[in-house]
Number of protein chains: 2
Amino acid sequence: MSRTPLHPTREQIELPMVLDCLSDPIRLAIVYQLAQQERVSSELRCGDFNGLSGKSNLAYHFAKLRECGLMLTRVAGTNRFMRLRREDLEARFPGLLDAVLSSAAKDADRLQLVSECDVVEGG
Amino acid sequence: MSRTPLHPTREQIELPMVLDCLSDPIRLAIVYQLAQQERVSSELRCGDFNGLSGKSNLAYHFAKLRECGLMLTRVAGTNRFMRLRREDLEARFPGLLDAVLSSAAKDADRLQLVSECDVVEGG
DNA sequence: TCCCTAGTTCAATGTTTATTGAACTATCAA
DNA sequence: TTGATAGTTCAATAAACATTGAACTAGGGA
């Protein structure tokens, strides 16, 4: 278990990989939940997503989200804290993340996304 | 060969399918080229994309783009004319298509997209 | 020290995907 | 009716993908 997983640099973030990453319902739900959480604190632990799938499957999706540059993982003890790479994404693809997030919000029911009041306070 | 292929209704257009469709470099190039063409005429023939891949592979990608609601195919003689479903997409996911298109434009070189001056005049 | 918790890694599985070429359908023009 | 053109459909293939459970690693607390 290496100390900090590899992340692509801002310039290495590629549009097709980002779109592909966001096209999976579980990963979209993770990104959506991270975005909701930004209003309270910027980070969430892996365990906060346990409702979405099993541990090992989530680890697989977390890795994908890291590799494509959508989120960043910080190791602290036995926990991993993750947050959206908002600034990098905005610099590379202005308006894209917000367009996807508001599109997802419109279909929150259909996509079975966490509702606003489900956001963990003080996470 | 049925007269007019099936297209989803506006309400049937799903975000994950749209993002997945746009995540393939060939399909992104098709959509980008259709968007460029909108300034001149709204439609292009299948053959206008022959530079991107072989005929049967293109037909496969065209079907995907139709099925996810990104474009519309109209049959006229031996030709099929295709255009973006701009209004439907804007209604379902406001700002999404333009955000993807401008992101793609920023990376046009990297994505090997057709440049503006390559657009077929009066197609 | 021992165990619990948090999360990753690995191997196996079945599914979906992109790509190719060949066969096919349909329209148009000579 | 013959031939050319435009595009789809089919079958086959190899690669990528999502999912599962078991094994593993590391940190923190009793």
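What counts and how
Residues numbered from 1 in each chain as written. Chains lettered and ligands numbered in written order. Predicted model: local features only at pLDDT ≥ 70, side-chain atom pairs only at ≥ 80, totals over all residues. Heavy atoms only, no water. Helix = DSSP H or I, 4+ residues; strand = E, 2+ residues; numbered from the N terminus. Expected span 1.5 Å × (residues − 1). Contact = heavy atoms within 4.5 Å. Near = heavy atom within 4 Å. Polar contact = N/O pair within 3.5 Å; in protein donor to acceptor, adjacent residues only side chain to side chain. Buried area = accessible area lost by both parts, 1.4 Å probe. Salt bridge = Lys/Arg side-chain N within 4 Å of Asp/Glu carboxyl O. Pairing = 2+ DSSP bridges.

K.L.:
Can you explain helix α3 (residues 55-67) of chain B? Please cite residues and give values.
P.N.:
Residue and element names in this part refer to chain B. In a regular helix each residue adds 1.5 Å, so 13 residues correspond to 18 Å; α3 covers 18 Å between its end C-alpha atoms and thus fits that length. The inward-facing, buried residues of α3 contact α1 (15-22), α2 (25-37), β2 (71-76) and β3 (79-84). One or two steps after α3, the chain reaches Gly69, where phi turns positive at roughly 90 degrees.

K.L.:
Give a detailed account of the protein's contact with DNA strand D, specifying residues and quantitative values.
P.N.:
Taken together, 24 residues lie near DNA strand D, and A:Arg27, A:Tyr60, A:His61, B:Lys55 and B:Ser56 sit nearest. In this structure, B:Cys46 approaches DNA strand D through a main-chain N or O atom, which is 3.2 Å from a phosphate oxygen. One nitrogen or oxygen atom from the side chain of B:Asn79 is found 3.2 Å from a sugar or linking oxygen belonging to DNA strand D. Elements with a contribution of two residues or more to the surface near DNA strand D: α2 (25-37) and α3 (55-67) of chain A together with α3 and β3 of chain B.

K.L.:
Provide a residue-level description of the interface of chain B and chain A, including the pertinent values.
P.N.:
At the interface, 25 residues of chain B touch 25 residues of chain A. Of the roughly 2000 Å² buried between chain B and chain A, counting both surfaces, carbon and sulfur atoms make up 57%. One can count six salt bridges joining chain B with chain A. Across the pair B:Arg110 and A:Glu11 runs a salt bridge, and its minimum N-O distance is 3.1 Å. Linking chain B to chain A there are eight residue pairs in polar contact (both at pLDDT 80 or more). Listed by contribution, the elements that provide at least two residues to the side of chain B that touches chain A are α1, α4 (86-92) and α5 (96-106) of chain B.

K.L.:
Describe the pairing of strand β3 (residues 79-84) of chain A, listing the residues and the values that go with them.
P.N.:
All names here are of chain A. Bridge analysis of strand β1 (residues 44-45) against β3 gives two bridges, and the strand direction is antiparallel. Within β3, the position partnered with Leu44 by the bridge is Met82. Looking at chain direction, strand β2 (residues 71-76) and β3 are connected through six bridges and run antiparallel. Counted as the bridge partner of Val75 is Arg80 from β3. A loop of two residues connects β2 with β3, the two strands running antiparallel in sequence, and Gly77 in this loop sits at a positive phi of about 65 degrees.

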